Structures are given as structure tokens and as C-alpha cells.
Amino acid sequence: MNGLNEAQLAELAAFMQARNKVLRQEIREELLGMDKDRPRELAGAMDQGDAALADALVDIEAATIDRQIREIRAIEAAQKRMADGSYGECIDCREPIGFARLQAYPTAQRCVACQAKHDAQYAHENTPTL
Ligand SMILES: [Zn+2]
């Protein structure tokens, strides 16, 4: 049970659909923009002997698109959960995630409490052990 009514689900579905469209448009424009302006910008940096800057520009571009693609994947996964009825339910405790949290973060897979637990564990796993 996700505790959401039809209107709430419809609102979240519409929001994700719109967001997905915006993201795809942005990526398209970035890829198209790269063909024209980007190589010139990179070439300019290279001409000034700044290969590091050129590398950095490519990295920034890649990071932006990478983030957008991740968001699209998250949205598509959420849309799939909506279709199979598991949307809005915490994947850890199976309790409703809550409409307010989903409005702020429609692709959320965990309730606030479980997300905090998950983040704490994840942060711990990433702590380098000497
Ligand atoms: Zn939970």
C-alpha cells in the first residue's frame, strides 16, 4: 500500500512525465551543442596550451549528461513501479513513503527514516579504511 489516492498518483505521474521530457530535451541540446560550440571552446583552450582546461570541460559536460541520464533512469523505474502498483511504497519497510516526500522527490524508493539509515550505511561503506 502506498497510501496515495488517484489524484495524487496522477499528479506525480504527470510531473515525472514532464520532467522526463525536459531532461531528454536538455540532453539533446547538449549533444547538439557539443558538435558546434564545444569543439571550438575546447580547441581555444588547447590553443592556449590549456589541455587540462579542455579535459575539465569535457568532464563537466559528461558529468552533467551522466546526471541527467541517471535521473531519466530513476524516473522510468518509478513509472514502471507505478504501472505494477509498487510505487510510493518504501522498498525497505513497505510502509507508504508519503505524498509530501514524493512531491519533493517523486522517484524516492524509501521513506525518510529508511533513507537516512541507508545513507548512513552507504556513507560508512565509502569511508576509507586505513
Ligand atoms: Zn521505510
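Please refer to the structure higher up on the page.
Overview of the structure. Predicted model, so just to flag it, every value in this text is computed and none were measured.

1. Looking at the overall build of the protein
Link 1 in the chain: Regarding its fold elements, the protein presents 4 helices and 0 strands.
Link 2 in the chain: Helices and strands in the protein line up, N terminus first, as α-α-α-α.
Link 3 in the chain: Relative to a compact globule of 130 residues, whose C-alpha radius of gyration would be 14 Å, the protein shows 20 Å and is clearly more extended.
Link 4 in the chain: In terms of its C-alpha atoms, the protein occupies a principal-axis envelope of roughly 60 × 45 × 20 Å.
Link 5 in the chain: Relative to its full complement of 130 residues, the protein shows a buried share of 12%.
Link 6 in the chain: Contacts in the protein between residues far apart in sequence, at least 24 positions, make up 53% of those at least 6 positions apart.

2. Overview of the nonpolar core
Among soluble globular proteins, nonpolar side chains are generally buried collectively.
Link 1 in the chain: Listed in full, the 9 residues of the largest apolar core are L12, M16, A78, Y87, C90, I97, L102, A108 and C111.
Link 2 in the chain: Aside from chain neighbours lying at most four places away, what touches Y87 is N2, A78, R81 and M82.

3. Remarks on unusual backbone geometry
Link 1 in the chain: Backbone geometry at R94 places phi at a positive 70°, although glycine is not the residue there.
Link 2 in the chain: Tracing the backbone shows R94 in the loop between α2 (51-84) and α3 (99-104).
Link 3 in the chain: Look at R94 and you get exposed, because 12 C-beta atoms sit within 10 Å.

Calculation rules
- Residues numbered from 1 in each chain as written.
- Predicted model: local features only at pLDDT ≥ 70, side-chain atom pairs only at ≥ 80, totals over all residues.
- Helix = DSSP H or I, 4+ residues; strand = E, 2+ residues; numbered from the N terminus.
- Rg over C-alpha atoms; globule rule 2.2 N^0.38 Å.
- Buried ≥ 20, exposed ≤ 12 C-beta atoms within 10 Å, placed from the backbone.
- Contact = placed C-beta atoms within 7 Å.
- Core = buried A, V, L, I, M, F, W, Y, C linked by C-beta atoms within 7 Å.

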